[in-house]
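# Architecture and fold: a report
So you can see what is in the structure, the chains are spelled out below.
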Amino acid sequence: MLTFVALNGLMTGQRFAISLDRVTIGRTGCDVTIDLGAVSRRHAVITREDEAYFLADLESRSGTYLNDLRIHEPRRLTHGDQIRICQLLLRVEFGTPSRSTGRIAPRMRSCSVIGRLPF
């Protein structure tokens with residue numbers, strides 16, 4: 001299972017499990033909504049292909065960064081990668097989320113339970 005760990009902002013240390021095969025990230029109308037004005041309406045997407053996850057930018061104005069490098073084509077995610085969308089920084093983890101190391105949002109059947117991420 002793919003898990004994001006918030007590394008900054010109001011949700012620092014919180015974990016969010018992602019179980020959908022396709023997750024859109026953006027300011028409005030997405031599976032994960034980030035409450036920052038600089039985030040594009042449809043900013044990035046994470047897709048699952050077999051057991052691998054890929055991050056792609058959706059032609060956002062401010063870009064999507066993987067390990068401090070702006071991406072221009074889909075990139076495979078690995079354990080420990082850092083995703084930056086505007087000021088929001090997330091660490092990628094694989095495996096079963098641990099309740100002892102951070103708070104997990106309830107009902108982790110899909111990432112839509114994340115809803116709006118305040119910064």
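Everything discussed here concerns the structure shown above.
Small disclaimer: the values here were computed from a predicted structure and weren't measured.

With that settled, consider the sheet that holds strand E10 (residues 82-85). The antiparallel open sheet is built from 6 strands, whose spatial order is E2-E1-E11-E10-E7-E8. On the outer flanks of this sheet lie strand E2 (15-18) and strand E8 (69-70), each paired with one strand and no other. As defined by bridge partners, strand E1 (residues 2-6) adjoins E2 across 4 bridges and the pair is classed as antiparallel. By the bridge assignment, Val 5 is partnered in E2 with Arg 15.

Glancing now at the environment of Ile 25. Among the secondary structure elements, Ile 25 is positioned in strand E3 (residues 22-26). Judged by relative accessible area, Ile 25 falls into the buried class, the value being 3%. It is 5.7 Å that separates the C-alpha atoms of Ile 25 and His 43, two residues lying 18 residues apart in sequence. Residue contacts for Ile 25: discarding those within four places in its chain leaves Cys 30, Val 32, Ile 34, Arg 42, His 43, Ala 44, Ile 46 and Ile 85.

Counted under the stated rule, the structure contains 4 salt bridges. Residue Glu 51 pairs with Arg 48 through a salt bridge whose shortest N-O separation is 3.2 Å. Under the relative-accessibility criterion, Glu 51 is labelled exposed at 65%. Between Arg 91 and Glu 93 there is a salt bridge, with its nearest N and O atoms 2.9 Å apart. Given a relative accessible area of 25%, Arg 91 falls into the partly exposed group. Several salt bridges converge on common partners, so that one network encompasses Arg 15, Arg 91 and Glu 93.

Parameters and conventions
- Residues numbered from 1 in each chain as written.
- Predicted model: local features only at pLDDT ≥ 70, side-chain atom pairs only at ≥ 80, totals over all residues.
- Heavy atoms only, no water.
- Pairing = 2+ DSSP bridges.
- Helix = DSSP H or I, 4+ residues; strand = E, 2+ residues; numbered from the N terminus.
- Buried < 20%, exposed > 50% of the residue type's maximum accessible area, 1.4 Å probe, protein only.
- Contact = heavy atoms within 4.5 Å.
- Salt bridge = Lys/Arg side-chain N within 4 Å of Asp/Glu carboxyl O.

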